[in-house]
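Here is how the chains run, residue by residue.
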Amino acid sequence: LATIAATGQPKYQEPFLPMPDGFVHTPYNDIDALRKTLEAAEEGVGKRLAAILLEPLQGEGGITPGDRAFFQAARDLCDERGALLMFDEVQVGVGRTGTFWAHEQLGVQPDVLSCAKALGGGVPIGAMLCSDEANVFIPGEHATTYGGNFLA
């Protein structure tokens, strides 16, 4: 349910209401709105930013490329707060935009990256990649729910 809550699109959320708390949405490529959203979300005792999740290129409802300055501002805001910067490259990763990862064109490095679709070449598969700093798994702690078949 968390991934559905992260989309911020009521048409996908309605069948699964109520959504998990903790997700706040802000206009894409709007640095001022991002800063204001973070300030508002962090008001109150014990509230702090865990992560910012962005798509380097939005494809639903038209093609909207990420702005380099917006992504850099998101990186800076995460670094200031000790939060993760996460990129969703499920649709645009693995060479679909001219570089292997779409975020390479923005010059901003994420802490966590999700990918799928082109990764499996038609086979339903996905992966989560992360920096050393964001890596919370140790070998054997979490494996696969997709393994044990003729492909994995």
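Residues numbered from 1 in each chain as written. Predicted model: local features only at pLDDT ≥ 70, side-chain atom pairs only at ≥ 80, totals over all residues. Heavy atoms only, no water.

Draft legend 1. View of the overall build of the protein chain. Tallying secondary structure elements over the protein chain gives four helices and six strands in all. Taken from the N to the C terminus, the helices and strands of the protein chain come in the order α-α-α-β-β-β-α-β-β-β. At 16 Å, the protein chain has a C-alpha radius of gyration in line with the 15 Å of a compact globule built from 152 residues. In terms of principal-axis extent, the alpha carbons of the protein chain reach across some 50 × 35 × 35 Å. Within the protein chain, the proportion of its 152 residues that are buried is 28%. The long-range share in the protein chain, meaning contacts at least 24 apart out of those at least 6 apart in sequence, stands at 50%. In the form shown here, the protein chain has an accessible surface area of approximately 9,800 Å², with 55% of it arising from carbon and sulfur atoms. (Helix = DSSP H or I, 4+ residues; strand = E, 2+ residues; numbered from the N terminus. Rg over C-alpha atoms; globule rule 2.2 N^0.38 Å. Buried < 20%, exposed > 50% of the residue type's maximum accessible area, 1.4 Å probe, protein only. Contact = heavy atoms within 4.5 Å. Areas by Shrake-Rupley, 256 points an atom, 1.4 Å probe, with all protein chains shown as cover.)

Draft legend 2. The packing of aromatic side chains, seen in detail. Under the counting rule described, the total for this entry stands at five aromatic pairs. Between Tyr-28 and Phe-71, the ring centres sit 6.3 Å apart and the planes meet at 85 degrees, which makes this aromatic pair edge-to-face. Of this pair, Tyr-28 sits in the loop between helix H2 (10–13) and helix H3 (31–41) while Phe-71 sits in helix H4 (residues 68–81), and the two are 43 residues apart along the sequence. Assessed through its relative accessible area of 17%, Tyr-28 is described here as buried. Residue classification places Phe-71 among the buried positions, given a relative accessible area of 0%. Centre to centre, the rings of Phe-100 and Trp-101 are 4.9 Å apart; their planes meet at 85 degrees, and the pair counts as edge-to-face. Under the relative-accessibility criterion, Phe-100 is labelled partly exposed at 45%. (Phe/Tyr/Trp six-rings, centres within 6.5 Å; stacked < 30°, edge-to-face > 60°.)

Draft legend 3. Representation of H3. Turning to H3, its buried residues are Ala-33, Leu-34, Thr-37 and Leu-38. What you see down the axis of H3 is that its buried residues fit within an arc of 135 degrees, all on one side. The outward face of H3, more than 90 degrees from its buried face, is lined by the exposed residues Asp-32 and Lys-36. Where H3 is buried, its residues meet strand S1 (51–54) and H4. Capping the start of H3 is the job of one residue whose side-chain oxygen sits 3.3 Å from the backbone nitrogen of Asp-32: Asp-30. (Arc of directions from axis to C-beta. Polar contact = N/O pair within 3.5 Å; in protein donor to acceptor, adjacent residues only side chain to side chain.)

Draft legend 4. Quick look at the pattern of salt bridges. A complete count under the given rule lists four salt bridges for this structure. Put simply, Glu-42 and Arg-81 hold a salt bridge, and the shortest N to O gap is 2.8 Å. Highlighted residues: Glu-42 in the loop between H3 and S1 and Arg-81 in helix H4, separated in sequence by 39 residues. Several salt bridges converge on common partners, so that one network encompasses Glu-42, Glu-80 and Arg-81. (Salt bridge = Lys/Arg side-chain N within 4 Å of Asp/Glu carboxyl O.)

Draft legend 5. Inspection of the pairing of S1 at higher detail. Here S1 shows one buried face, formed by Ile-52 and Leu-54, and one open face, formed by Ala-51 and Leu-53. Here S1 pairs with strand S4 (residues 84–89) via four bridges, running parallel. By the bridge assignment for S4, Ala-51 is matched with Leu-84. (Pairing = 2+ DSSP bridges.)

Draft legend 6. Spotlight on the packing of H3 against H4. Two numbers describe how H3 lies on H4: the axes approach to 10 Å, and their chain directions differ by 25 degrees. By the angle between their axes, H3 is roughly parallel relative to H4. You can see that H3 and H4 cross each other, and the crossing is right-handed. Only Ala-69, Phe-70, Ala-73, Ala-74, Leu-77 and Arg-81 of H4 make contact with H3, whose side of the interface consists of Ile-31, Leu-34, Arg-35 and Leu-38. The residue makeup of the contact of H3 with H4, split by class, is eight nonpolar, no polar and two charged. (Axes fitted to C-alpha atoms, helices over the stretch in contact; angles between N-to-C directions. Parallel < 35°, antiparallel > 145°, perpendicular 65-115°, else oblique. Left-handed = near helix turned anticlockwise from the far one by under 90°. Nonpolar A, V, L, I, M, F, W, Y, C, P; charged D, E, K, R; others polar.)

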